[in-house]
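Results of the structural survey
These are the residues of each chain, in order.
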Amino acid sequence: MTRHILWQAVLALLGIALVFFVIFQLATTVAPVPPEVVTVEVRAAGGAYVEGVLGFSETINPIFSAHMVPGNPVDQDLSTLVFDGLTVLDETGRLSPALASEWDVSEDGSQYEFRLREDVFWHDGAPFTAADVAFTIQAMQDPDYQGDPSLGELWRNVTIAQLDPYTIRFTLDEPFPSFLQYTIIGILPSHLLSDVAATDLPYHDFSTLNPVGTGMFMVDEVTADQVVLVANTEYWGPQPYVEGLEFWFYSDWDGLLEDYQRGEIQGLHPPGLEELAGLVGVPGLQFYSAQSAGYALVYLNLAEEALPFFQQKEVRQALLYALDRQGLVDQVLAGQGLVADSPVLPTTWAYDSGVRKYAYDPERAIGLLDASGWLDSDGDLVRDKEGVELAFTLLTSDDPIMAQMAEELAQQWRAVGVDATIRPVSSDAAIHFVRNRNFDAALVEIELTADPDPYPLWHSTQVESGQNFSGFANEEADVVMEEARRTTDPAQRFELYSAFQQIFAEEVPSLLIYYPIYVYAVDGQVRDVQLSPLLHTSDRFRNIHEWYVQTEEIVVSENDELDKTGE
């Protein structure tokens, strides 16, 4: 009996031991392996970005450096960073809210009512209100306004009503769908400037030394050689990673380049292809490029009776077919351009991608000229008709790139029996001749605004004293452009702009050559720089809040999800 009990006890102990053994084995088999711990580098707040700029600041005031009119690029850059408008443009030319959170447009397109953000403060801590918006517009309405006359003329036709501290209404004399494009102008603080005379405002300390805005950056220091900005820690929008931006001014490229090579500046934008070529291969330098707002074209003087061939659509088409524009971009511009096919920028919402395109086709050019009666009757290799030779003078500036482009154009036309004599003049002289319609044909590069409205450049009412320098007068095109100015419906405006582009492509009132490319060079230590299509060169700062120059190391496990911001 005792022996039997002992045997049962032994079996029980063996069973318990076996259970513990199995549990131990299972535990050691399924126990998770500790995740590997690694150190990663993420962006951190701090540091400054220093840019070298050819040129100098004159007036840091947005009503004197608005993007839709000619101005000092340095001042336009600074105003973009220091001041905010009611709205802001994206890369396609569409408007987004800024100081205004929303807006409504009346059915007839004559009234625009803006609701303002209530969480915005000026750099000195004062609250932003509708009174500031009203003051800014009234400053441009003042008869003594010292800015671009076209801005004063536009705003003088607008009636302002402050409905409450954060609501303002603009009433136009007549509908003008492009009006919203002008609401990107930076707003000024009424509490600092209401007693300053319009004639004094450009020279006041506010505009030259101590501007106060609502923007992402504040002015910290202004000297003759540089402007220092610091991040606005109370900014209503996203906070930037860099704590400061510095703009160093230079009168010559060599001095700017020397400072970059010494590591004193981090960003620069070469003014031409020669300077760009000199930067290729520089260690640590990153290049960013984007299509800029403008195009190069050959204006044809359609109003000159002594040039009857320009008045024939088929001849104008032949002149375009005869050009290897892609070859010109590759050869003359080192690829820094895109073949142009529309007077509306392809980066904007108004561009019609289905517009007729003219590929290089010299045989078709010859066929059009032959069919139009322009033949070489005397064997001198120049076509003629009724005693008139197909010959003209091509005006251009003496800029080496433009002069070379003009020579190449003439050579390609010569191959189809067209004689173009190059006339290079100074840039100022070229502008003078074009504005006075004193040319046969003129190769120029023009800048455009974000507004796709072609009226100022191509409507027949602009032939005499406006910017329709070619003298293009087409009744169908006029009707389309006028209707586009009367409608606020985006879809309808697109259809009208599309119709204009098709008419332009068919009529070829001038010869579109290329869209220029903007190149920005930034040292590799500046991270997350991005360049989308530019409506203005200041748009290179569109994502400035994401740039960073400092990093920090953090310890994470391989199971953690981590983005480059460290979050």
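Everything here concerns the structure above.
Notes on the structure follow. These figures come from a predicted structure and were not determined experimentally.

The phi dihedral of Leu381 is positive, around 75°, even though this residue is not glycine. The residue Leu381 is located in the loop between α11 (362-371) and β16 (384-385) in this model. A relative accessible area of 68% places Leu381 in the exposed class. Residues other than glycine seldom take positive phi values, yet Val508 does so here, at roughly 45°. Along the chain, Val508 turns up in the loop between α16 (490-507) and β21 (510-523).

This part is about the sheet that holds strand β8 (residues 167-172). As summarised here, the arrangement of the four strands in space is β5-β6-β8-β7, forming an open sheet in which the pairing is antiparallel. One side of each edge strand has no neighbouring strand; the edge strands of this open sheet are β5 (100-105) and β7 (158-164). Averaged over all pairs of adjacent strands, the angle between their axes in this sheet comes to 20°, without regard to strand direction. Alignment of strand β6 (residues 111-116) against β8, held across five bridges, turns out to be antiparallel. Paired with Phe114 across the strands is Ile168, a residue of β8. With respect to the sheet, helix α3 (residues 130-141) is in contact with β6, β7 and β8, its orientation differing from that of β7 by roughly 165°.

Right, let's talk about helix α7 (residues 253-261) for a bit. Turning to α7, its buried residues number three or more, namely Trp253, Gly255, Leu256, Leu257, Asp259 and Tyr260. In this fold, the buried residues of α7 make contact with β2 (48-54), β11 (244-250), β12 (267-268), α8 (273-279), β13 (285-291) and β21. Of the residues that open α7, the one with a side-chain oxygen 3.3 Å from the backbone nitrogen of Asp254 is Asp252. Positioned one or two residues after α7, Gly263 has a phi angle of 80°, which is positive.

For the rest of this paragraph, the subject is the packing of aromatic side chains. For the coordinates displayed, the defined rule picks out 29 aromatic pairs. Between the aromatic rings of Tyr235 and Trp236, the centroid separation amounts to 5.1 Å while the plane-to-plane angle is 45°, which identifies the pairing as tilted. Using a relative accessible area of 13% as the deciding quantity, one classes Tyr235 as buried. On the basis of an interplanar angle of 75° and a centroid distance of 6.4 Å, the ring pair of Trp458 and Phe472 is categorised as edge-to-face.

This part is about the nonpolar core. Val298, Tyr299, Leu409, Trp413 and Trp458 are the most contacted members of the largest nonpolar core, which has 80 residues in total. Those residues in contact with Trp413 that lie beyond four places of it in its chain are Val298, Leu319, Ala322, Leu323, Phe392, Leu394, Val418, Ala420 and Leu511. Of all hydrophobic cores here, the second largest spans 76 residues; its members include Phe135, Val196, Leu201 and Val529.

Conventions and cut-offs
- Residues numbered from 1 in each chain as written.
- Predicted model: local features only at pLDDT ≥ 70, side-chain atom pairs only at ≥ 80, totals over all residues.
- Heavy atoms only, no water.
- Helix = DSSP H or I, 4+ residues; strand = E, 2+ residues; numbered from the N terminus.
- Buried < 20%, exposed > 50% of the residue type's maximum accessible area, 1.4 Å probe, protein only.
- Pairing = 2+ DSSP bridges.
- Axes fitted to C-alpha atoms, helices over the stretch in contact; angles between N-to-C directions.
- Contact = heavy atoms within 4.5 Å.
- Polar contact = N/O pair within 3.5 Å; in protein donor to acceptor, adjacent residues only side chain to side chain.
- Phe/Tyr/Trp six-rings, centres within 6.5 Å; stacked < 30°, edge-to-face > 60°.
- Core = buried A, V, L, I, M, F, W, Y, C linked by side-chain atoms within 4.5 Å.

Taken by themselves, the reported measurements are silent on function.
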